[in-house]
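# Reading the structure
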Amino acid sequence: MTDSAPPAPSAPRAVPHAHLATDVRGAVLRLARRLRQQKADADVTDAQMAALGYVVQNQPLTIGALTAHEGVTPPSMNRTVGKLVDAGLLRRTVDDDDKRRVLLETTEAGAAFVFETRRRRDEWLVPRLSALTADERRTLADATEILRKLTRS
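The rules behind the values
As a convention, each chain's residues are numbered from 1 in the sequence order in which they are written. Note on the predicted model: pLDDT of at least 70 is required for a residue's local features to be given, and 80 or more for side-chain atom pairs to be given and counted; whole-chain, interface and lining totals, by contrast, use all residues. Values shown for side chains rest on all heavy atoms present in the structure; no hydrogens or waters enter the calculation. Here the term patch refers to residues with relative accessible area over 30% and no salt bridge, with like charges joined within 9 Å and nonpolar side chains (Val, Leu, Ile, Met, Phe, Trp, Tyr) within 5 Å. For the area figures, the Shrake-Rupley method with a 1.4 Å probe applies, and any residue is considered shielded solely by the protein chains shown. By definition here, a salt bridge exists when the distance from a side-chain nitrogen of Lys or Arg to a carboxyl oxygen of Asp or Glu is within 4 Å. Secondary structure elements follow DSSP: runs of H or I no shorter than four residues count as helices, runs of E no shorter than two count as strands, and numbering proceeds from the N terminus. In the analysis that follows, any N or O atom pair within 3.5 Å is treated as a polar contact, provided that within protein one partner can donate a hydrogen and the other can accept it, and provided that, for residues neighboring in sequence, both atoms belong to side chains. The contact criterion used throughout is that any non-hydrogen atoms of two residues lie within 4.5 Å. Any two strands between which DSSP finds at least two bridges are classified as paired. Whenever a helix is involved, its axis is fitted only over the stretch in contact; in every case the axis is a line through C-alpha atoms, and angles between N-to-C directions fall within 0 to 180 degrees. Relative orientations are named as follows: roughly parallel for angles under 35 degrees, roughly antiparallel for angles over 145 degrees, roughly perpendicular for angles from 65 to 115 degrees, and oblique for any other angle. In this scheme the handedness of a crossing depends on how the near helix is turned from the far one: anticlockwise by less than a right angle means left-handed, clockwise means right-handed. Following the grouping adopted for this structure description, the nonpolar residues are Ala, Val, Leu, Ile, Met, Phe, Trp, Tyr, Cys and Pro, the charged ones are Asp, Glu, Lys and Arg, and the polar ones are all others, Gly among them. In this scheme, a residue with accessible area under 20% of its type's maximum is buried, one over 50% is exposed, and one in between is partly exposed, where area comes from a 1.4 Å probe on protein chains only.

### What to know about a nonpolar patch on the surface
A cluster of nonpolar residues, Leu20, Val24, Val28, Ile146, Leu147 and Leu150, forms a patch on the protein surface that exposes about 510 Å² of accessible area. Sorting the residues of the nonpolar patch by element identifies α1 (18-36) and α6 (134-152) as the ones contributing at least two each. Looking at the element boundaries, Val28 is found in helix α1.

Listed below in structure tokens is the structure:
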């Protein structure tokens, strides 16, 4: 009987598209971070901004619908909404059809805040897009559609 060395561990299998996944994730996160910095008021958190932006587009809506969309717990969303109400950016109203139901709507200040933040973000991004070649902008437009597809899957 001869002693033999244990078999060498096999090389880990490469995960298909792992390098691309890392590159896309990193680039998207860096871009999102830069865009998030372009808020009309730095004291509004990213979570508050996301909630406020969703209410602007879908109002009136219930806190339950907002909670489900944002994927957070009801207590967390209640805190977020409370801070937005206290800041004068959101208001709670009673549903005319069901007096037990509370609806969320943006105030004029809340809508203005969202639109100003979007304007600042576009103002930051437009010159950077302008610096790209026409081919790069077409590629980016195609990539944008692909990124939307990824978010729907």
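### As for the side chain of Asp95
Inspection of the secondary structure puts Asp95 in the loop between β2 (90-94) and β3 (102-106). Looking at Asp95, its side chain comes within polar contact range of the main-chain nitrogen of Asp97, at 2.9 Å. Side chain to side chain, Asp95 and Arg101 meet in a polar contact 2.8 Å long. Those residues in contact with Asp95 that lie beyond four places of it in its chain are Arg101 and Leu103.

### Side note on the side chain of Lys39
For Lys39, the location among the structural elements is in the loop between α1 and α2 (46-58). Looking at Lys39, its side chain comes within polar contact range of the side chain of Asp46, at 3.1 Å. Excluding its chain neighbours within four sequence positions, the residues that come into contact with Lys39 are Val44, Thr45, Asp46, Met49, Thr117, Arg120 and Arg121.

### Focus on the sheet that holds β3
The 3 strands are arranged β1-β3-β2 in an open sheet whose pairing can be described as antiparallel. Strands with a single pairing partner mark the edges of an open sheet, and in this sheet they are β1 (61-62) and β2. Bridging between β2 and β3 involves 5 bridges; their strand directions are antiparallel. Its bridge partner being in β3, Leu90 is matched across the sheet by Thr106. The strands touched by helix α4 (residues 74-86) within the sheet are β2 and β3, with β2 carrying the most contacts at an inclination of about 105°.

### What about the packing of α2 against helix α3 (residues 63-70)?
Put simply, α2 and α3 touch, their axes get as near as 11 Å, and they point 120° apart. Classified by the angle between their axes, α2 and α3 sit oblique to one another. Here α2 runs over α3; the crossing is right-handed. Between α2 and α3, the contacting residues are Ala50, Ala51, Tyr54 and Val55 on the first element and Leu66, His69 and Glu70 on the second. Looking at the contact of α2 with α3 residue by residue, the class counts come to 5 nonpolar, 1 polar and 1 charged.

### Quick notes on the pairing of β3
Across 2 bridges, β1 lies against β3 in antiparallel orientation. Its bridge partner being in β3, Thr62 is matched across the sheet by Leu103.

### Overview of the pattern of salt bridges
Taken as a whole and judged by the stated rule, the model has 11 salt bridges. The partner of Lys39 in a salt bridge is Asp46, with the nearest N and O atoms 3.1 Å apart. You can call Asp46 partly exposed: its relative accessible area is 37%. The salt bridge involving Arg100 is made with Asp98; its shortest N-O contact spans 3.1 Å.

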